[in-house]
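Each chain, letter by letter, is given below.
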Amino acid sequence: MALIPATILTGFLGSGKTTLLKRVLTEAHGQKIAVIENEFGEENIDNDILVSDTQENIIQMSNGCVCCTIREDLRATLADLAARKRKGELDFERVVIETTGLADPGPVAQTFFMDDEVAESYLLDSILTLVDAKHAQAQLDTRQEARRQIGFADRIFLSKTDLVSAEEVDALVHRLKHMNPRAPMERVHFGEVAIAQVLDLKGFNLNTKLDIDPDFLNEGHAHAHGHDHAHGHGEHCEHDHAPGEACNHPHHHRHDDDVKSFVFRTDKPLSPTKLEDFLGAIVQVYGPKMLRYKGVLHIKGSERKVVFQGVHQLMGSDLGPKWAPGEARVSKMVFIGIDLPRDILLQGLQGCEA
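Just so it is clear, the structure is predicted and the values come from calculations on it, not from any experiment. (Residues numbered from 1 in each chain as written. Predicted model: local features only at pLDDT ≥ 70, side-chain atom pairs only at ≥ 80, totals over all residues. Heavy atoms only, no water.)

Peer 1: Hey, could you go over unusual backbone geometry for me, with residue numbers and the actual values?
Peer 2: With a phi close to 60°, lysine 160 is a non-glycine residue in the positive phi region. Here lysine 160 is to be found in the loop between strand 7 (155–159) and helix 7 (166–179). Its identity is not glycine, yet histidine 312 carries a phi of approximately 50°, on the positive side. Residue placement: histidine 312 occurs in the loop between strand 11 (304–311) and strand 12 (314–322). Under the relative-accessibility criterion, histidine 312 is labelled buried at 7%. (Helix = DSSP H or I, 4+ residues; strand = E, 2+ residues; numbered from the N terminus. Buried < 20%, exposed > 50% of the residue type's maximum accessible area, 1.4 Å probe, protein only.)

Peer 1: Tell me about the pattern of salt bridges, residues and numbers included.
Peer 2: A complete count under the given rule lists 17 salt bridges for this structure. With a closest N to O distance of 3.4 Å, glutamate 117 and arginine 75 form a salt bridge. Here arginine 75 lies in helix 2 (residues 71–86) and glutamate 117 lies in helix 4 (residues 116–119), a separation of 42 residues in the sequence. Overall, glutamate 117 belongs to the partly exposed group, its relative accessible area being 39%. Ionic contacts of the salt-bridge type, sharing partners, join the residues Arg75, Asp115 and Glu117 into one network. (Salt bridge = Lys/Arg side-chain N within 4 Å of Asp/Glu carboxyl O.)

Peer 1: How would you sum up the confidence of the model for the chain? Please name residues and give values.
Peer 2: As a note on interpretation, predicted positions should not be read in detail where pLDDT is low. Averaged over all residues, the pLDDT of the chain is 76; the fraction at 70 or higher stands at 75%. Here residues 40–56 scores under 50 on pLDDT; set against residues more than four positions off or in separate chains, the count is 36 contacts. Overall, residues 207–253 carries pLDDT values under 50, and its contacts beyond four positions in sequence, including any with other chains, amount to 100 contacts. (pLDDT = per-residue confidence, 0-100. Contact = heavy atoms within 4.5 Å.)

Peer 1: Tell me about the side chain of glutamate 353, residues and numbers included.
Peer 2: With respect to the helices, strands and loops of the structure, glutamate 353 is situated in the segment after helix 9 (342–350). Judged by its relative accessible area of 18%, glutamate 353 falls in the buried class. Reaching out from glutamate 353, the side chain makes a polar contact with the side chain of threonine 266 at a distance of 2.8 Å. Contact partners of glutamate 353, with chain neighbours within four places excluded, come to Phe264, Thr266, Lys268, Pro269, Leu270 and Lys274. (Polar contact = N/O pair within 3.5 Å; in protein donor to acceptor, adjacent residues only side chain to side chain.)

Peer 1: Please provide a residue-by-residue account of helix 6 (residues 144–152), values included.
Peer 2: The buried fraction of helix 6 is high, at seven of nine residues. Every buried residue of helix 6 is accounted for by Ala146, Arg147, Arg148, Gln149, Ile150, Gly151 and Phe152.

Peer 1: Tell me what's going on with the packing of aromatic side chains, and back it up with residues and numbers.
Peer 2: Overall, the coordinates contain four aromatic pairs when judged by the stated rule. With a centroid separation of 6.2 Å and an interplanar angle of 85°, the aromatic rings of phenylalanine 112 and tyrosine 122 are classed as edge-to-face. You can see phenylalanine 112 sitting in helix 3 (residues 105–114) and its partner tyrosine 122 sitting in strand 6 (residues 122–132), a full 10 residues away along the chain. Aromatic pair tyrosine 293 and phenylalanine 308: ring centres 6.3 Å apart, planes at 45°, arrangement tilted. With a gap of 15 residues between them, tyrosine 293 in strand 10 (residues 290–297) and phenylalanine 308 in strand 11 connect regions that are remote in the sequence. (Phe/Tyr/Trp six-rings, centres within 6.5 Å; stacked < 30°, edge-to-face > 60°.)

This is the structure:
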């Protein structure tokens with residue numbers, strides 16, 4: 001049986017996850033989707049499968065917030081769904097997991113890699129995060145769950161942008177890019193999102209053939225020279241403008257988010273043994289704080305790109321395409337995490353240069 005693609009839909013309370021989900025379910029895409037809902041409440045529906053008018057399979061897990069204790073429940077539900085599909089009892093082509101607004105997406109994502117039975121049945125496609133533009137700044141200031149949801153995102157959807165000024169939206173976008181420069185952002189209105197922006201994004205392929213855009217850190221996303229973006233007044237800023245161009249975007253120095261991105265780029269080849277040792281050590285020590293990390297690497301002696309990415313302590317890598325003739329062989333990495341040690345990362349990665 002082919003692997004079943006799975007999408008995690010997350011976002012803080014009131015961001016519009018259910019609205020977007022309804023849009024996906026009613027879109028005339030011809031696909032049968034099984035939905036796992038995590039509702040925050042005490043009533044337990046025992047994972048009853050509720051078949052709606054749209055002929056989707058709805059599995060409601062109402063045992064509270066998704067956290068480490070719920071991983072086993074999710075694992076069991078996914079395994080049961082796959083078994084029933086194999087037996088012909090259920091007919092679905094993909095799974096969408098809608099988490100409660102208070103959820104940390106980390107344990108949900110890890111379920112797809114830490115359990116052999118689930119890993120043999122499913123392929124985690126992407127994590128989608130919805131952001132309520134009206135209330136996001138306050139939520140990000142006060143709730144770590146909201147910041148983690150940004151850090152884990154493969155794609156971010158901004159809702160309710162019509163309720164705030166253009167300046168407020170720009171300020172929010174600027175803040176989110178500093179937290180997660182690798183996630184494209186789209187504005188959505190009442191869940192009106194094209195299916196192509198939601199399904200089959202291939203944003204989260206671990207230990208498989210990685211489909212990674214080698215320019216995911218191009219000038220349109222972020223300029224990177226081994227520094228994070230928690231800059232202060234008078235410091236050099238290289239974000240969303242060409243080198244040497246005036247920095248005219250809004251600065252928000254009052255936001256000292258614990259979730260930040262660290263970007264590293266080098267045109268020197270990397271030593272495979274040094275890099276493996278360093279990344280292995282970093283993951284062991286800081287893995288719980290490393291939300292997402294991803295890179296396209298120029299490894300000494302290899303004519304092919306090496307691509308890698310991970311979540312927490314789980315890291316996978318694979319050979320990518322060959323370097324094209326005349327193509328600049330540059331290694332590019334982004335680390336998104338909680339209070340990551342910028343100096344240790346920078347010094348360690350520079351020490352991996354061959």
